[in-house]
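One-letter residues, chain by chain:
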Amino acid sequence: MTMTTSLRLLLSTTMLAGLALPATAQAAQPAPAAPPAAEPAEEDVDVSAPGGSNDEIVVVGTRIPNTIRASREVVSVLSAADIARTGEGDIAGALKRVTGLSVVGGRFVYVRGLGERYSLALLNGLPIPSPDPLRRVVPLDLFPTSVLASSVVQKSYSVNFPGEFGGGVINLTTRAVPKDPFFNVGGSIGANSATTGQLGYVYAGGGKDWTGFDDGARNLPQGLRASQDSGRALAVGGNYSLRQLQDITADLTNAATNVIFRNNNIPVNWSANMSGGRAFDVGDSRLGFVFAAGFSNDWQTKAGKQQLSGGATGTGANAALLPDQDFDFASTEFRSVLNGLFSVGAEFGDHKIRFVNVYVNDTIKEARIQAGTDDINVGRDVLLQRNATAHFRRQLLDTQLVGEFKFDDLTLDVRGTYANSKRLAPYERFNNYAFSAQFKDYVNDLRSPGQSSLVSFSRLNEDVYGAGLDLGYKVRGGPFPIRLAAGYAFSKAERLSERFDYRYQTNAALPAAVTQQRPDFLLSDFNVFTYGIILNTISTVAPRYEADLTVNAGYGQVELEPTDGVQVVLGVRYESGKQRVVPQDVFNANPGSAFNSPTNINQDYWLPAATVTWNFAEDMQLRFSASKTVARPQFRELAPQPYFDTDSDRLSFGNQFLTNSELINLEARYEWYFGRDERLAAGVFYKDIDQPIDSIAFVQGGTFQNTFANAPNARLYGAEIEAQKYFDLSSWGGLFETRRFFISANYTFTDSKINVRAGDTTRFPLSGQVVPATDIFRDGLPLTGQSDHVANLQFGFQDDDGLSEQTILLNYASNRVAFRGPSGQPDLVEQPGIRLDVVLRQGFKIFGREIEAKVEARNLTNTRYQEFQRLNASRVDTNTYTLGRSFQASFSAKF
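To start, this report covers the structure provided alongside it. Since we're looking at a predicted model, the values are computed, not measured. (Residues numbered from 1 in each chain as written. Predicted model: local features only at pLDDT ≥ 70, side-chain atom pairs only at ≥ 80, totals over all residues. Heavy atoms only, no water.)

### What about the side chain of Lys302?
Then, number 1: Tracing the sequence through the fold places Lys302 in strand E14 (residues 285–308).
Then, number 2: Not counting chain neighbours up to four residues away, the residues in contact with Lys302 comprise Phe329, Ala330, Ser331, Glu333, Tyr881 and Thr882. (Helix = DSSP H or I, 4+ residues; strand = E, 2+ residues; numbered from the N terminus. Contact = heavy atoms within 4.5 Å.)

Encoded structure:
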């Protein structure tokens, strides 16, 4: 793109609710002086959103060709070059460098400290389901940066987006028709100081586990399937004979899923990827395709403490928390990811059509051991050993068809999508042994406290359908530029989720020698038939549930420029949502109970939004925005189905009595663009949330559990600042003749408070009992997941003549509440701390081929993951473990 007196900028006419400026806007603007001829063209960034067709906009006067500045909304843009500079392999890692964004657990993106329920993720402007039943949005670490063209984070609401908007929307844009043919091949090898070459724990599993797919070893046995389908619980008497139960028990895969081995040399991490594309001219049309594929194997060992306090001792300043459960643990996760993208596109005249398909298979295979004491259930003087194995396979298939058409002053966008996600978790094994002073060995008699063997099977399937239509029209001949927009959107999500839990039991005491056997021998066919060991169904609430959410929405929007330098966007969205969750008491274990109460949330909303942008100087502008939005509970937050959360190592279940949250959003932002790729921006924001959903914890039967409840009200306010500056080093000569130094920094302060007054009530899960809100929430506490301070710093060197970058990255997030403390205890706090990363990228040629080499060093500060409770001088580490330092070298070649 060249820059002259009239600056031309290709932008989407409604990108993120009118990112583009009306084409008629330039008529009333005086032309600025031409910029220096040496200034390079701005990089093309696709920031299309629902309702976004491409128009050619002539930008003159106070506007400069910068995607962020040209936006009508508060946005942050990560282009392909920005993503590459971070060196991250997935978009979740890259997004944590954006102002106000923090990544929790390496996967889930929080905007301004608000939980992911207040954030929305879209792929090419269309909804995608989550393969994780505890989350509403897709974990963004599923998307490798190689398949993405750009990522746009919009922090102010506009009515062309879904009304579920609280913190912001993240729109990922995949690659489209390529400008030039390309084919790239790459690979990487990496290590972690706490994992690679160190002691870890593994189990056999299936023969194809390295691929991320099971070879059939974990197939659900027919006897269990028949029990689940017929609603006949496994139990002696009535439904089954002893022999039938023994046959079903013996049919399970045993040793391959039960025995944990030591591995004294955990392998390296590695990956391979390729991408390519080509375009063809057919008459006046241009056809093209893009494909990308990647495969990776990664290992991570976590070793640390998992403690639980049953309550405080003492009072006042002498009060203290004691670890009533105190376990050392080590967990090794093997992760295999296969991803692919295939896109076909056509461009003819001003029209575009693209057909995009994305596939991701993400599998985690975990072996975990714990050793310690449990004073709640067993006694502090008894040593316990707990072993667990699991296999979690997540799969996402997404297909999209998008058409963007322009007819002079009229634009028409149509889009449709179908997506399917699955989560399969067969053979979650738990074997618990207690040390016997008599036998001087660990024993498991399947009966005594602290001694048990359990197995669980869960699966989830979700289908998502979506469609939309957007119209835009430029009104000519009026007193000032006007653009009208209107649209309709439909989305429907349907989910079926199952989880069945079983316990191994025996009616008679086992011989002492048998109780000392390792799990596969203890549960062997011989013992099953000799000593009557059988599986017994654990009568849980809602082992199966069905859920669906249907949303119909329409919007109208007007964009106008009543005077030079002032742009106004006004719109309103009408959204009708019907959400249903139906628990199924498969085994009729709780007839007539409130546990089985279905959830029906049918609510309609009018959601207005307004944004005013004032270009008061050649290179400065102010933005003001106000809007009303909603936040709906996730399916898992509504379903009373137990679920073991592998991220927190805790049992969770939903609350079928939750209600929607309503938000009022206010924002003001100042922006100064003082040079090429250089800017300073500062803003303030305020949110009032009615009936926010918060995570609460409690201890039941010595087990830490997590659920959800509506707090009466919460208010959140904050400020953020970001700056980016480049320094030309050519005057230094020599090595620095073509280099420049860059520095980029951002900081966000957020303060949130839950407001609870006398007389406020909430509904407790399962029973639905209306209780005083003060029984669960304390006035003035922050929202869960929200850090008061989030800061990022990047600096380094770039070469303007070729690929050569050296970048240092610092990330800091202050302590945040992970869960509400149980029974009046202090909250569980997560301490993200400071992370230091270094990324080196260098391009060169071998035999005429362009090669890119990249070296990454992550978490050089060796920051641990820490989650704890603190009371006065006492501290209980609820989940703390080492992460280690990570190093990776990668190469890619262009052909």
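On we go from here.
### Details of the environment of Asn184
Then, number 1: Within the secondary structure, Asn184 is located in strand E10 (residues 182–192).
Then, number 2: Taking C-alpha positions, Asn184 is 9.4 Å from Gly277, a pair spaced 93 residues apart along the chain.
Then, number 3: Once residues within four sequence positions are removed from consideration, Asn184 is found in contact with Asn273, Met274, Ser275, Ala893 and Lys894.

### Describing the nonpolar core
Then, number 1: Ranked by size, the top nonpolar core spans 26 residues in total, and within it Leu224, Leu234, Leu252, Val455, Tyr502, Tyr504 and Leu535 carry the most contacts.
Then, number 2: Ignoring any residue separated from it by four or fewer positions in sequence, one finds Leu224 in contact with Leu234, Ile248, Leu252, Phe457, Tyr502 and Leu535.
Then, number 3: Counting 17 residues, the second largest nonpolar core, distinct from the first, contains Ala631, Ile689, Ile754 and Ala773. (Core = buried A, V, L, I, M, F, W, Y, C linked by side-chain atoms within 4.5 Å. Buried < 20%, exposed > 50% of the residue type's maximum accessible area, 1.4 Å probe, protein only.)

### Considerations on the packing of aromatic side chains
Then, number 1: Considering all chains together, one arrives at 25 aromatic pairs under this definition.
Then, number 2: Judged by centre distance (4.8 Å) and plane angle (65°), the rings of Tyr427 and Phe457 are edge-to-face. Here the residue Tyr427 occupies a position in strand E20 (residues 410–436), and Phe457 occupies one in strand E22 (residues 452–475), the gap between them amounting to 30 residues.
Then, number 3: Classification of Phe457 as buried rests on a relative accessible area of 2%.
Then, number 4: Ring centres 6.0 Å apart and planes at 40° place the aromatic pair Tyr726 and Phe742 in the tilted group. Taken as a pair, Tyr726 in strand E35 (residues 713–728) and Phe742 in strand E36 (residues 739–755) lie far apart in primary sequence, 16 residues in all. One exposure class covers both Tyr726 and Phe742, and it is buried.
Then, number 5: Through a chain of ring-to-ring contacts, the aromatic side chains of Phe727, Trp732, Phe736, Phe741, Phe795 and Phe797 assemble into a single cluster. (Phe/Tyr/Trp six-rings, centres within 6.5 Å; stacked < 30°, edge-to-face > 60°.)

### Topic: the pairing of strand E27 (residues 599–617)
Then, number 1: Here 16 bridges tie strand E26 (residues 566–584) to E27, and the two strands are oriented antiparallel to one another. The residue bridging Tyr574 from the neighbouring strand is Trp606, located in E27.
Then, number 2: Where E27 lies against strand E28 (residues 620–631), seven bridges are found, and the strand directions are antiparallel. For Ala617, the partnering residue across the bridge sits in E28 and is Met620.
Then, number 3: Here E27 folds back onto E28, and the loop between the two strands holds two residues. (Pairing = 2+ DSSP bridges.)

### Here's the deal with the pattern of salt bridges
Then, number 1: One pass over the structure, following the stated rule, counts 51 salt bridges.
Then, number 2: Close ionic contact of Asp209 with Arg218 constitutes a salt bridge, the shortest N to O distance being 2.9 Å.
Then, number 3: For Arg218, a relative accessible area of 4% corresponds to the buried category.
Then, number 4: Linking Arg841 and Glu852 is a salt bridge whose minimum nitrogen-to-oxygen distance equals 2.9 Å. Of the two residues, Arg841 sits in strand E43 (residues 833–846) while Glu852 sits in strand E44 (residues 849–858), which places them eleven residues apart along the sequence.
Then, number 5: Since its relative accessible area comes to 9%, Arg841 is described here as buried.
Then, number 6: Among the charged side chains, a network of salt bridges with common partners joins Lys155, Arg623, Arg669, Glu671, Arg679, Glu720 and Glu722. (Salt bridge = Lys/Arg side-chain N within 4 Å of Asp/Glu carboxyl O.)

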